[in-house]
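The lines below spell out each chain.
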Amino acid sequence: HYYNLIGQTAAFSFMIAVTAFGVILALWADALALAGLAVFGGFLTPFLASSGIPNDFGFFGYLIILNVGILAVAFFKKWHELTLFGFTATVINFASWYGAYYEPEKLWIALFVLTVFYFIFLFSGFAANVITRKTSSRADLFVLTINAAWFFGWCYLLLRPEYYGWLGFIAAGLGGIYILLGYAASLIHAEDKNMVLMLGAIAVVFLTIAVPLELKQNAITIAWAVEAAVLFVLGLVMKNPGMKSAKSRPIIDK
């Protein structure tokens, strides 16, 4: 492809085949390092086979399929380092697309893709630890936390110019998601206290952020007081002392 001996489609197909063969070989040999090398090549493929003409649906469709495959391998082989690698490479790929090809009319494409990536990594982290009853590692908790921050950060950047009013609802929705996941984790795998606590902490952060994004002045204090009461009740239900005390001190200081 570099020497113009074959076209972009053929080059792209051959590189996908090399990545797939590398993953299969890694599974056969039970070699995490080989799987990482194959995945690295998979994420390089869009750059090496690029023609300079944007193909947003093809690019993001490829990344979504690649990430689903990576996470499936990571889940069944318990190679959770691949999840961290896939997330990092996805962040880099999206940022490179945004810098090179993003236009305001592509806002909804960008938001849709971000949402898909967000739920892929959210589900992978939850399933890999809670459903399989595996104790979460630092890498697992890092991906869980940074995925939420990455998603909301991009939403803030993309929506702030014209759709600022949506940000508070998005933050509140994210807070609700993590409350539900935290409750599910406390029921399914209560032994993993770090996971339950992290999910609760992320929920608190998003619920706290949502208030000043939507309300003004005294309404903020009232909303935070209501939030503190709700979190206290949730902490009792989930038997999580961290959530029970998370908002007490700021309200008293206020």
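Residues numbered from 1 in each chain as written. Predicted model: local features only at pLDDT ≥ 70, side-chain atom pairs only at ≥ 80, totals over all residues. Heavy atoms only, no water.

Colleague: What exactly am I supposed to notice about the nonpolar core here?
Modeller: Ranked by internal contacts, the top residues of the largest apolar core, which has 60 residues, are Phe60, Leu82, Phe94, Leu158, Tyr178 and Phe206. Taken together, the elements giving at least two residues each to this core come down to helix 1 (8-29), helix 2 (32-48), helix 3 (56-77), helix 4 (80-101), helix 5 (107-131), helix 6 (138-159), helix 7 (165-188) and helix 8 (193-214). Sequence-distant contacts of Phe206, that is, excluding residues within four places in its chain, are made with Ala148, Phe152, Ala171, Ala172, Leu174, Gly175 and Tyr178. (Core = buried A, V, L, I, M, F, W, Y, C linked by side-chain atoms within 4.5 Å. Buried < 20%, exposed > 50% of the residue type's maximum accessible area, 1.4 Å probe, protein only. Helix = DSSP H or I, 4+ residues; strand = E, 2+ residues; numbered from the N terminus. Contact = heavy atoms within 4.5 Å.)

Colleague: I would appreciate a short explanation of the packing of helix 1 against helix 3 in the present structure.
Modeller: Two numbers describe a pair of packed helices, the interaxial angle and the distance between the axes. Two elements in contact, helix 1 and helix 3, have axes separated by 12 Å at closest approach and are oriented at 5°. In this view, helix 1 runs roughly parallel relative to helix 3, as classed from their interaxial angle. In this structure, helix 1 contributes Phe12, Ile16, Val23 and Leu27 to the contact, and helix 3 contributes Tyr62, Val73 and Lys77. Of the residues contributing to the contact of helix 1 with helix 3, the split by class is six nonpolar, no polar and one charged. (Axes fitted to C-alpha atoms, helices over the stretch in contact; angles between N-to-C directions. Parallel < 35°, antiparallel > 145°, perpendicular 65-115°, else oblique. Nonpolar A, V, L, I, M, F, W, Y, C, P; charged D, E, K, R; others polar.)

Colleague: How should helix 1 be read in this particular structure?
Modeller: What sets the pattern is the α-helix's 3.6 residues per turn: residues three or four places apart point alike. The terminal C-alpha atoms of helix 1, which comprises 22 residues, lie 31 Å apart, in line with the 32 Å expected from a rise of 1.5 Å per residue. The complete set of buried residues in helix 1 reads Ala11, Thr19, Gly22, Val23 and Ala26. Projected down its long axis, helix 1 shows its buried positions confined to an angular sector of 110°, all on one face. Pointing more than 90 degrees away from the buried face of helix 1 are the exposed residues Thr9, Phe14, Phe21, Ile24 and Trp28. (Expected span 1.5 Å × (residues − 1). Arc of directions from axis to C-beta.)

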